[in-house]
Amino acid sequence: MTQPAHLHADRLFPASEPARSIARELYPAVKDLPIVSPHGHTDPSWFAQNGRFSNPTALFLTPDHYVLRMLRSRGLDYDDLGIPRKDGKPVETDGRAAWRLFAQHYHLFAGTPSKTWIDHSLHWAFGIDEELSPATADRIYDAIDAALATPRLLPRAILDSADVEVIATTEFALDPLTHHQAMEGEGLIGRVRTTYRPDDVTDPSRPAIIENLEKFAELTGEDVARWDGLINAHRKRREYFRRFGAVATDHGVPTANTADLPRVEKQALLDKVLSGRHDASDAELFRAQMLTEMALLSVEDGMVMQIHAGSRRNTDPALFAERGTDLGADIPRTTDYVGGLDALLSRCGNEPNLRLILFGLDETTYARELAPMAGYWSSLMIGPPWWFHDSPQGIRRYFDQVVETAGFYNLAGFNDDTRALLSIPARHDVWRREVCHFLGNWVAEHRLTRSSAEDIARHLSYQAAKDAYKIA
Amino acid sequence: MTQPAHLHADRLFPASEPARSIARELYPAVKDLPIVSPHGHTDPSWFAQNGRFSNPTALFLTPDHYVLRMLRSRGLDYDDLGIPRKDGKPVETDGRAAWRLFAQHYHLFAGTPSKTWIDHSLHWAFGIDEELSPATADRIYDAIDAALATPRLLPRAILDSADVEVIATTEFALDPLTHHQAMEGEGLIGRVRTTYRPDDVTDPSRPAIIENLEKFAELTGEDVARWDGLINAHRKRREYFRRFGAVATDHGVPTANTADLPRVEKQALLDKVLSGRHDASDAELFRAQMLTEMALLSVEDGMVMQIHAGSRRNTDPALFAERGTDLGADIPRTTDYVGGLDALLSRCGNEPNLRLILFGLDETTYARELAPMAGYWSSLMIGPPWWFHDSPQGIRRYFDQVVETAGFYNLAGFNDDTRALLSIPARHDVWRREVCHFLGNWVAEHRLTRSSAEDIARHLSYQAAKDAYKIA
Amino acid sequence: MTQPAHLHADRLFPASEPARSIARELYPAVKDLPIVSPHGHTDPSWFAQNGRFSNPTALFLTPDHYVLRMLRSRGLDYDDLGIPRKDGKPVETDGRAAWRLFAQHYHLFAGTPSKTWIDHSLHWAFGIDEELSPATADRIYDAIDAALATPRLLPRAILDSADVEVIATTEFALDPLTHHQAMEGEGLIGRVRTTYRPDDVTDPSRPAIIENLEKFAELTGEDVARWDGLINAHRKRREYFRRFGAVATDHGVPTANTADLPRVEKQALLDKVLSGRHDASDAELFRAQMLTEMALLSVEDGMVMQIHAGSRRNTDPALFAERGTDLGADIPRTTDYVGGLDALLSRCGNEPNLRLILFGLDETTYARELAPMAGYWSSLMIGPPWWFHDSPQGIRRYFDQVVETAGFYNLAGFNDDTRALLSIPARHDVWRREVCHFLGNWVAEHRLTRSSAEDIARHLSYQAAKDAYKIA
């Protein structure tokens, strides 16, 4: 039997010759390189406890905001998909019922990266070649369910079979890193690493900010009511995270704004936040100042700083009130990197020890801001296409617009940035195929030699991520 | 004799194999589907009266702002093209003289959709294969003129020969719908439908706004000086429009801003408008509030709401003073859909009965805002590329940027949005060829199967418009 | 021996047939057309004095901000590249040492237009086919150095061998045009032309603005403290520049903002500037008003006005303090042409004698603003892709987004805009190849006939620039 289209060996390569053949020839050089996943959101308990995944729905449907949002957009109810409500009212608990609904609407995903990732995962992890549909829903559910009971689908076995050399999780500043402690005992740290994401104590728009800062003080023994104490608390916490393999920090911010205030204004701002009297612009200024502080700490300790800017979170207040965050209602906004990062870069942009990787959701900045900035500042690199743009067309728009000005060596390679463990090989495979697609076209246009294209393909598929994140 | 390039059977299909052949094979499945035209600006008197079109210039040149603006941009004078002046000074009245000027400059249209539409119309309606040029100007003029005297070029015959299943016109709230009344008597309503476009009574920047609101009160018997009365007037008028087939409302607004004010502020705003004391920001706020009111009425009555946002109208004050509106001086602007629609969507974005189709002129929003929003909200769909972007490259940029996040089923199919009756088949044909172009490439890259591509092609060419506009 | 990839005869043509063959067939029609270079920054002393270029590093490395910024972005120190410091501290003075550093990092330029230009120049001017690398660094350095001593590498010989028909330099308003005076005596004016760039006396953000305006008064004998005197000074100076072949003015502005103030406000603004009491918004308003004044003078004297808008200059204050301007730290910003140019266009946009060529760094404006504006106003044309966007992908994005709305005849052809003499043939060749690339694809899609494509290719490669700049 021939393979279905979605698993065709040439998928995503250029449609026409000679670029197709060139891409096909480049691909073997990158296909089996180990996976380096320096930024993502997998659950560290999986690796610490190595327990089985509960069921197909909990694996593929309920935690995947890309999938949920598409189903909702065509009228499905989150209750029927088993998404818990804050008010405790019952939602669908039968995984199979939700799975059938999903299968019934699987045609909605035609052309989306979600379908690419799921199809790839079903094949790669479960040997399933047929497409999900109402007719195959139960058969596929049963096949997955049975396989999940076997040792080769345990989290650590998946890391092995996917050849994951390094994977970073992301934890908030207050996280005790319990699971990483357990992994430390088992010698897993280094392969699994945490990442310091202090949004819980740097973003005053969080309702629990004061409580969080109090916990931060307890955890570090610092007086966080004084600006220097607050910074010192971060300094200590970053050190603690590094013990568990952290090479990077991560900052999720609505804008890329940074500030570099005089000490007295910083203290006044902190006072306001701690007294709960801050408004939205105070919150923005506090976040802005904290980004600069984090950059200065990176200059000290060498941790790579990541800024994920430009998402407007929770744009549906009804959903937020009903079920909380991360369920599909976050939408990108325009981002000004040049103006936003001015304060930070003016302060420490030329420091040799600073490495700042920029991610964005406003593609208009690729050629206008990000590539020109990364092509100048030694501290800046451009992260791969993020979120909605982590897709074949998104990757094409990215390469189209960044390479000529930033070159290949100011790019940070690939991040899968996922909470879906099984999608990791799928996502890296899409990236690698798109790298071959892009380079295949350029070789066919005589813009690169085949041998330099192969070097670049390998770099972008593997080494770039290690270099960018200072992973030895 | 071989056909000229502009009528080649493969035009607009991908240049290279194998995608070209795939597109060529998909095209027959969509080529002859009936035309559904749910949004446009044809003149209802044409269908009501079924009279002959006066002459070639009045058909192709004088009413087409795309054509006029290009000629003006290269130095031609609107006087010489026969565009009337407000001051009554004489302009060219000899249709043939203006036509010759047009023909003499027809090379300026190389590469523009205007040329594609005109070439297609000349061939489709008049059997003319040769290109318009100074040498052919008179011959083509005479051929068109002669044909216009024949029954097969009467408006209703054109609807038949173009296989138009449904066509919507657009009328302002104060329009008596005289022509639709006439059509009602002849059983034409359903095939021809009106659309409720209340800009004349919702946009305080119109000089006649107070007078218009007074007429609105008379027409509906409502006290439009009270907010509830004003809304009730709309409620009645929408019902009246539905009697003449209206399934949709349409809103032409400079921005996508919406508001959801407390009742007292709404009344105060209305008081200001009615007293003529409003400024530009009051006008913006009034429009913003009215969009939310229209959405709430759509929740009630199920009419599909269309927002056409982002045109800066009448950017040449000299032209406006001299000859009025819609003559080529409207230019797009940036649009913020996420921030703009926040009030409306927070109020009723999850209502199952709301259907809101978004059109825009700021392509940067495709991947950043429109696709993520339509891929979340059940009420939102994305309209096809509009105005300057209704072109082969414009359609390619659209598919490139919306499909991966919104999928195919959150798209509203095609709108020709034209006042040029003969361009309707041309415009739908470009869309269908571009659908095949896009899908041909994706099948060639093994991203879709050929059979799902054919389903999607049919959907986007026909059914999507019917579904989006709730046309049974 | 076969040619290396970077010199392949088909480079930059479409990768696939039949478009590749069509492009290959179009190219001979444009390849050897004379070069018209109506805007650029070559040094007029080269042509006036016709002296030899000092050494390879001074020719290719030190003056090229594209090259310098990329090397800096990967951690190289400007000291080691021989970039002078304001504080006089020593920097590398050995050209060969800096050249070796450059060669060692030449792989960073893979995929950049810099590499394309340099590779082309090395081949075209020096017959060097091998790639720059650590292994070839000295051999290439020696070959260049030897050739620079020969007559065929003198500046005027380069103009001849590159078949440069016209080249414009750019001088500030206070420039005495000494070198152009010398050229006048030798009959070179006409082939070499100056351009009037009055930023030194129109931009109050320049530290020396008051001093400059005083010099401007001396030079012209006008009382520049009165608005009319200031304008008259420009009027005289423009006349002086025209004596040295100037057909155009050029305006480098952070935004496209224009103003049309009443006389009393203009005088008040000038008073403020002359007294040194202006702030940033006064400076912006002064620049804005001056753009309108320049347009009015163009209406008088017929000089073509160029606006290069959207660069945020000197974004790294440390670099600026250390070494000055034009060293890679200028980064694009968003630009609003519709709102910005409103005052100017409302004042004189319909004047038949006005020709305004717009250049930008915000590609989002191509389809949204620039093409719609140029497709309406008879005074407006769109300049070619500028700066970071003067690259193969940049040119593709440009054609993709401007042609359908502006047509081909509202485009101003090509500008190389360079200070690197040897890159001129390279840059024009890239443009011409990309023109053939674009047209080859459109002919292959049956959107243009081959013969009209050839006409358009010739126009865009040669005549468009002469027409746009009114060069007889």
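All of these numbers come straight from a predicted model, not from anything done at the bench.

(A) Quick look at the side chain of C:Asp417. Residue and element names in this part refer to chain C. Residue position: aspartate 417 is located in the loop between α20 (392-406) and α21 (423-444). At 6.4 Å, arginine 197 is the nearest oppositely charged side chain to aspartate 417, a buried residue that forms no salt bridge. Of the polar contacts made by the side chain of aspartate 417, one reaches the side chain of histidine 41; its length is 3.0 Å.

(B) Here's a closer look at the sheet that holds strand β2 (residues 164-168) of chain A. All names here are of chain A. The three strands are arranged β1-β2-β4 in an open sheet whose pairing can be described as parallel. The strands lining the two open edges of the sheet, one partner per strand, are β1 (35-37) and β4 (192-193). Pairing analysis gives two bridges linking β2 to β4, with the strands arranged parallel. The partner of isoleucine 167 across the bridge, within β4, is valine 192. On the sheet, helix α21 (residues 423-444) packs against β1 and β2 and is oriented at approximately 105 degrees with respect to β1.

(C) Summary view of the packing of helix α13 (residues 227-243) of chain A against helix α14 (residues 263-274) of chain A. Residue and element names in this part refer to chain A. Relative orientation of the contacting elements α13 and α14 amounts to 80 degrees, with a least axis distance of 9 Å. With respect to each other, α13 and α14 are oriented roughly perpendicular. Across the interface between the two elements, Trp227, Asp228 and Leu230 from α13 touch Arg263, Lys266, Gln267 and Leu270 from α14. Partitioned by chemical class, the residues of the contact of α13 with α14 number three nonpolar, one polar and three charged.

(D) Seen up close, the relation of the copies chain A and chain B. Under the fitted operation, chain A is carried onto chain B by 0.0 Å of movement along the axis and a turn of 120 degrees, and the coordinates agree to an RMSD of 0.0 Å. What the rotation and shift describe, once combined, is the action of a three-fold rotation axis. Taken as a fraction of all interface residues of chain A, those also at the interface in chain B reach only 4%, which identifies the copy contact as different-surface.

(E) Main features of the interface of chain A and chain C. Contacts between the two partners involve 38 residues from chain A, matched on the other side by 49 residues from chain C. Both faces considered, chain A and chain C share a buried interface measuring about 3400 Å² in area, 54% of it formed by carbon and sulfur atoms. When the buried area of chain A at its contact with chain C is split by residue, A:Arg368, A:Tyr376 and A:His446 rank highest and sum to 23% of it. A salt bridge links A:Glu445 to C:Arg396, with the shortest nitrogen-to-oxygen separation between them at 2.8 Å.

(F) Seen up close, the domain arrangement of chain A. All names here are of chain A. Entries for chain A in the domain assignment read domain 1 (5-46 + 163-468) and domain 2 (52-153). Placing a centre on the C-alpha atoms of domain 1 and another on those of domain 2 gives a separation of 28 Å. Taken together, the 29 residues of domain 1 in the interface contact 30 residues of domain 2. The junction of domain 1 with domain 2 conceals about 2500 Å² of combined surface from both sides, 64% of it contributed by carbon and sulfur atoms.

(G) Structural detail: the packing of aromatic side chains. Residue and element names in this part refer to chain B. One pass over the full model with this rule turns up 79 aromatic pairs over all chains. Measuring from ring centre to ring centre gives 6.3 Å for phenylalanine 408 and phenylalanine 438, while their planes differ by 70 degrees; the resulting arrangement is edge-to-face. One end of the pair, phenylalanine 408, is in the loop between α20 (392-406) and α21 (423-444); the other, phenylalanine 438, is in helix α21, with 30 residues separating them in the sequence. In this pair, the class of phenylalanine 408 matches that of phenylalanine 438, namely buried.

(H) Expanded view of the interface of chain A and chain B. Contacts between chain A and chain B engage 49 residues on the former and 38 residues on the latter. Counting the surface lost from both chain A and chain B, the interface buries some 3400 Å², and carbon and sulfur atoms represent 54% of this. Along the contact surface separating chain A from chain B lie three salt bridges. If you look at where chain A meets chain B, you find 21 residue pairs in polar contact (both at pLDDT 80 or more). Considering every element that reaches the side of chain A that touches chain B, the biggest residue donor is helix α20 (residues 392-406) of chain A, with five residues. Of the residues that constitute the side of chain A that touches chain B, the class distribution is 19 nonpolar, 17 polar and 13 charged.

(I) Highlighting unusual backbone geometry. Cis geometry marks the peptide bond from A:Glu17 to A:Pro18; its omega dihedral reads 0 degrees. Positionally, A:Pro18 belongs in the segment before α1 (19-26). The backbone phi angle of A:His446 is positive, close to 60 degrees, even though this residue is not glycine. The topology assignment puts A:His446 in the loop between α21 and α22 (450-468). Residue classification places A:His446 among the buried residues on the basis of a relative accessible area of 15%. A positive phi is found at B:Asn50, a non-glycine position, where the angle reads about 55 degrees. Positionally, B:Asn50 belongs in the loop between α3 (44-49) and α4 (56-60).

(J) Spatial organisation of the sheet that holds strand β4 (residues 192-193) of chain C. Residue and element names in this part refer to chain C. Spatially, three strands are ordered β1-β2-β4 in an open sheet, and the strand pairing comes out parallel. Of all strands in the sheet, those with a lone pairing partner are β1 (35-37) and β4, marking the two edges. Bridge count between β1 and strand β2 (residues 164-168): three bridges; the pairing is parallel. When the bridges of β2 are listed, isoleucine 35 appears paired with valine 164.

(K) Main features of helix α19 (residues 365-374) of chain A. Taken across its 10 residues, α19(A) has 10 buried, putting it largely inside the fold. Taken residue by residue, α19(A) has A:Thr365, A:Tyr366, A:Ala367, A:Arg368, A:Glu369, A:Leu370, A:Ala371, A:Pro372, A:Met373 and A:Ala374 as its buried positions.

(L) Expanded view of the environment of B:Val402. Residue and element names in this part refer to chain B. Its place among the elements puts valine 402 in helix α20. Taking the C-alpha atoms as reference, valine 402 lies 20 Å from leucine 12; in sequence the two are 390 residues apart. The contacts of valine 402, once residues within four sequence positions are left out, are Tyr366, Ala371, Ile382, Gly407 and Leu411.

Parameters at a glance
- Residues numbered from 1 in each chain as written.
- Chains lettered and ligands numbered in written order.
- Predicted model: local features only at pLDDT ≥ 70, side-chain atom pairs only at ≥ 80, totals over all residues.
- Heavy atoms only, no water.
- Helix = DSSP H or I, 4+ residues; strand = E, 2+ residues; numbered from the N terminus.
- Buried < 20%, exposed > 50% of the residue type's maximum accessible area, 1.4 Å probe, protein only.
- Lys, Arg positive; Asp, Glu negative; His and termini not counted.
- Salt bridge = Lys/Arg side-chain N within 4 Å of Asp/Glu carboxyl O.
- Polar contact = N/O pair within 3.5 Å; in protein donor to acceptor, adjacent residues only side chain to side chain.
- Pairing = 2+ DSSP bridges.
- Contact = heavy atoms within 4.5 Å.
- Axes fitted to C-alpha atoms, helices over the stretch in contact; angles between N-to-C directions.
- Parallel < 35°, antiparallel > 145°, perpendicular 65-115°, else oblique.
- Nonpolar A, V, L, I, M, F, W, Y, C, P; charged D, E, K, R; others polar.
- Least-squares fit on C-alpha atoms with pLDDT ≥ 70 in both.
- Buried area = accessible area lost by both parts, 1.4 Å probe.
- Domains from an automatic or database assignment.
- Phe/Tyr/Trp six-rings, centres within 6.5 Å; stacked < 30°, edge-to-face > 60°.

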